[in-house]
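Chain and residue survey
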Amino acid sequence: MPSLLIVHHTPSPNCQELFEAVVSGATAPEIEGVRVVRRAALAATASDVLAADGYLLGTPANLGYMSGALKHFLDQIYYPALDETRGRPFGYWVHGGNDVTGAARAVEAITTGLGWRRAAEPVTVTGAPGKADTEACRELGAVLAAGLAG
């Protein structure tokens, strides 16, 4: 059974709300045959990445960059995953108070280096998430999971 690994750093209620929407989409009842694995960024390992068939990454934008927790995760898995995971699908979401450009650019740069294939447009949210934001995150989760389901 294919698996989708969701790696997230959710230090705030806004980040938690977006994470829950992503999980809701990825685990929608109509998507069958995909195992969804959730890991906090500081707990996720290279073994988790190597065992997964696709990835979703979630981070707040901190001082113009992704969270230190997600950066630490990507640093520790980069070389172990580099040759083994090329071409695998991924997506991501970023939440920030007023600007998420730097954080999104950093995620794009590292995933490009890994050779991962972006399977959906990223979801970027500034300020309190609205209904459209949570729906976009739900759709992000569903698109990645459905893509692995076949």
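Owing to the predicted nature of the structure, the values given are computational and were not obtained by experimental measurement.

1. Side note on the packing of aromatic side chains
For the structure on display, the rule yields four aromatic pairs. An angle of 15° between the planes, with centres 4.2 Å apart, marks the rings of Y55 and W116 as stacked. Taken as a pair, Y55 in strand β3 (residues 54-62) and W116 in the loop between α4 (101-114) and β6 (117-118) lie far apart in primary sequence, 61 residues in all. Given a relative accessible area of 1%, Y55 falls into the buried group. We classify W116 as buried; its relative accessible area is 6%. Ring geometry for Y78 against Y79: centres 5.1 Å apart, planes inclined by 80°, an arrangement best described as edge-to-face. The class of Y79 is exposed, set by a relative accessible area of 67%. Through a chain of ring-to-ring contacts, the aromatic side chains of Y55, F90, Y92 and W116 assemble into a single cluster.

Reading the values: rules and limits
Residues numbered from 1 in each chain as written. Predicted model: local features only at pLDDT ≥ 70, side-chain atom pairs only at ≥ 80, totals over all residues. Heavy atoms only, no water. Phe/Tyr/Trp six-rings, centres within 6.5 Å; stacked < 30°, edge-to-face > 60°. Helix = DSSP H or I, 4+ residues; strand = E, 2+ residues; numbered from the N terminus. Buried < 20%, exposed > 50% of the residue type's maximum accessible area, 1.4 Å probe, protein only.

These figures come from the coordinates and say nothing about function on their own.
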